[in-house]
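# Structural description and commentary
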Amino acid sequence: MIVLGFDPGTATTGFGVLESVNDVLRPIDVGVILTPSDMPTEERLLSIYNDVNTLLDKYNPDTVATERLFFDRNVTNALSVGRAIGVIVLAVAQRGLPWMEYTPMQVKTSVTGYGGADKNQIQQMVVRLLGLAEVPKPDDAADALAIAICHAHSLKLKSIGMNQSRGHRKQKRLQP
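Attention in this report is confined to the structure presented alongside it. Values in this document were obtained by computation on a predicted structure and should not be read as measured data. Position labels on residues start from 1 in each chain and follow its written sequence. At least 70 in pLDDT is required for a residue's local features to be given in this predicted model, at least 80 for side-chain atom pairs to be given and counted, and no such filter applies to totals for whole chains, interfaces and linings, which use all residues. Side-chain metrics rest on all non-hydrogen atoms present in the structure, leaving aside hydrogens and water.

With that out of the way, let us pick up the sheet that holds strand E5 (residues 99-102). Note: two strands are recorded as paired if DSSP finds a minimum of 2 bridges between them. Each helix is a run of DSSP H or I of at least 4 residues and each strand a run of E of at least 2, with the numbering of both proceeding from the N terminus. The sheet built from 5 strands is open, its strands ordered E3-E2-E1-E4-E5 with mixed pairing. Of all the strands in the sheet, the pair left with one neighbour each is strand E3 (24-34) and E5. Averaged over all pairs of adjacent strands, the angle between strand axes in this sheet comes to 20°, irrespective of strand direction. When strand E4 (residues 63-67) meets E5, the two strands line up parallel, connected through 4 bridges. When the bridges of E5 are listed, Ala-65 appears paired with Met-100. With axes taken as lines fitted to C-alpha atoms, and helix axes fitted only over the stretch in contact, angles between N-to-C directions fall between 0 and 180 degrees.

So, on to the pattern of salt bridges. A pairing counts as a salt bridge when a side-chain nitrogen of Lys or Arg comes within 4 Å of a carboxyl oxygen of Asp or Glu. Evaluated as defined, the whole model comprises 4 salt bridges. With a shortest N-O distance of 2.8 Å, Asp-57 and Arg-95 are connected by a salt bridge. Placement of the pair is Asp-57 in helix H1 (residues 41-59) and Arg-95 in the loop between helix H2 (75-94) and E5, with a sequence separation of 38 residues. Accessible area is worked out with a 1.4 Å probe on protein chains only. A residue is then buried under 20% of its type maximum, exposed over 50%, and partly exposed in between. On the basis of relative accessibility, which here comes to 53%, the residue Asp-57 falls in the exposed class. The exposure class assigned to Arg-95 is partly exposed, which follows from its relative accessible area of 34%.

Now the structure itself:
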C-alpha cells in the first residue's frame, strides 16, 4: 500500500510518501511544495494543486492523509492553510482516492505514543521508524512523513478491528 501524507500550507506544503508492506513502513519520497510569497493567492493555490496532481501521478497512492486544520489565534494563517487543504482534497477527490485527516495530537500519539510530544521528539521517531539517516528538512517535510505514518498505523488498526469483528460475528453464528 502506498500512503501519501501532506502537511498543508500556502507557502510550504510538506509531502511524504510511504510504502507499507507486511506492517513495515518504507520511505519512498519526502519534500515540500513551495510557492513564492509575492505570487497572487489564486496562482499559489493553482501551483499547489498542479504539484499535488504531479505527486498523485508519480506515486499512484492507495490513500492520502492531511493534518487537520488547527489554529488558536491566527485566523489569517488558518484561512490560508484551509485553502491549501481544499486544493489537496479536490485533487484527491477527483481521482476517487480515500482521504483522511488527523489532528496534531493524533499524529503525535501515533508516532511517539505521547500526544504532548514536541517537534523534536516527533522528528526523531520519524527517523527511527523509517530508518532514515537524518531528519528530513524542512520541518514540513518531516511532519508530512509523520502524518503518513499516522495514517498507515490507523489503517492497520482499522484492518485488525475489522478482521476481529468478522471473526467475532462468525463465532456468534456458529453458536446454537
